[in-house]
Amino acid sequence: MTTAVKCELPVARTPEEVGVSSEKMLEMYKAMEKTGYHGFMVIRHGKIAFQAFKKPYTATIPHAMYSVSKGLTVIAIGFAVNEGLLSLDDRVIDYFPVKCDEYMKKIRLRHLISLSAGREVFPLKNKAKNDWTEMFLKSKAVYEPGENFSYINENFHMALAMLRKVTGVS
């Protein structure tokens, strides 16, 4: 099961303190108010430059992020690859050594972030009560890694699990 990590960032006195325009933030806020947003936060230089949440939401209430999380994951993976912490050719099995089938031995980080790992993970399973890493590692192979695209969230969970292993950061 994924554990929430409390992360408190300092808040800039003004957006300009971190090089962000208050005027542009106000424009963005007005534009966001016309949408179905729950909230947004702009972070620059490790400080919160601006944040706004529509009631009843707050920064401390978990939000469904859908594919936004995938984009952020790929950015983090890209930084790790650039810093030499990970390679797109790293194998999942090297980070999570378990008894597995031949297909699992072929899954690389590139397959995870391109949603082409070839595993069958059931989308309707109660994932709140399960360990996603274990579910993925025990999943059944349905095709050769890299052969097909399949929108399975656990691919990105595994990519993040690999990132956590090399950085120690959740």
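Residues numbered from 1 in each chain as written. Predicted model: local features only at pLDDT ≥ 70, side-chain atom pairs only at ≥ 80, totals over all residues. Heavy atoms only, no water.

### Topic: the side chain of Arg119
One can find Arg119 in strand E3 (residues 119-120). A relative accessible area of 4% places Arg119 in the buried class. A distance of 3.2 Å separates the side chain of Arg119 from the side chain of Asp101, its partner in a polar contact. Reaching out from Arg119, the side chain makes a polar contact with the backbone oxygen of Ser139 at a distance of 2.2 Å. Those residues in contact with Arg119 that lie beyond four places of it in its chain are Asp101, Tyr103, Met104, Ile107, Phe136, Leu137, Ser139, Lys140, Ala141, Val142 and Ile152. (Helix = DSSP H or I, 4+ residues; strand = E, 2+ residues; numbered from the N terminus. Buried < 20%, exposed > 50% of the residue type's maximum accessible area, 1.4 Å probe, protein only. Polar contact = N/O pair within 3.5 Å; in protein donor to acceptor, adjacent residues only side chain to side chain. Contact = heavy atoms within 4.5 Å.)

### Here we look at the packing of aromatic side chains
Counted by the stated rule, this structure contains three aromatic pairs. Arranged with centres 6.4 Å apart and planes meeting at 65°, the rings of Tyr29 and Phe50 form a pair that is edge-to-face. Remark: Phe50 occurs in strand E2 (residues 47-53) and Tyr29 occurs in helix H1 (residues 22-33); sequence separation between them is 21 residues. By relative accessible area, which is 21% here, Phe50 ends up partly exposed. Ring pairing ties together the aromatic residues Tyr29, Tyr37, Phe40 and Phe50, which thus form one cluster. (Phe/Tyr/Trp six-rings, centres within 6.5 Å; stacked < 30°, edge-to-face > 60°.)

### Quick notes on the nonpolar core
Ranked by size, the top nonpolar core spans 23 residues in total, and within it Val92, Phe96, Leu112 and Phe136 carry the most contacts. Elements with a minimum of two residues in this core: helix H2 (68-82), helix H3 (92-95), helix H4 (109-113), helix H5 (132-137) and helix H6 (154-167). Ignoring anything within four residues of it in the chain, the contact list for Phe96 reads Thr133, Leu137, Met158, Ala161, Met162 and Lys165. Counting nine residues, the second-largest nonpolar core is a separate cluster that includes Val18, Val42, Ala49 and Ala52. (Core = buried A, V, L, I, M, F, W, Y, C linked by side-chain atoms within 4.5 Å.)

From the geometry alone we can't say anything about function, so treat these as descriptive.
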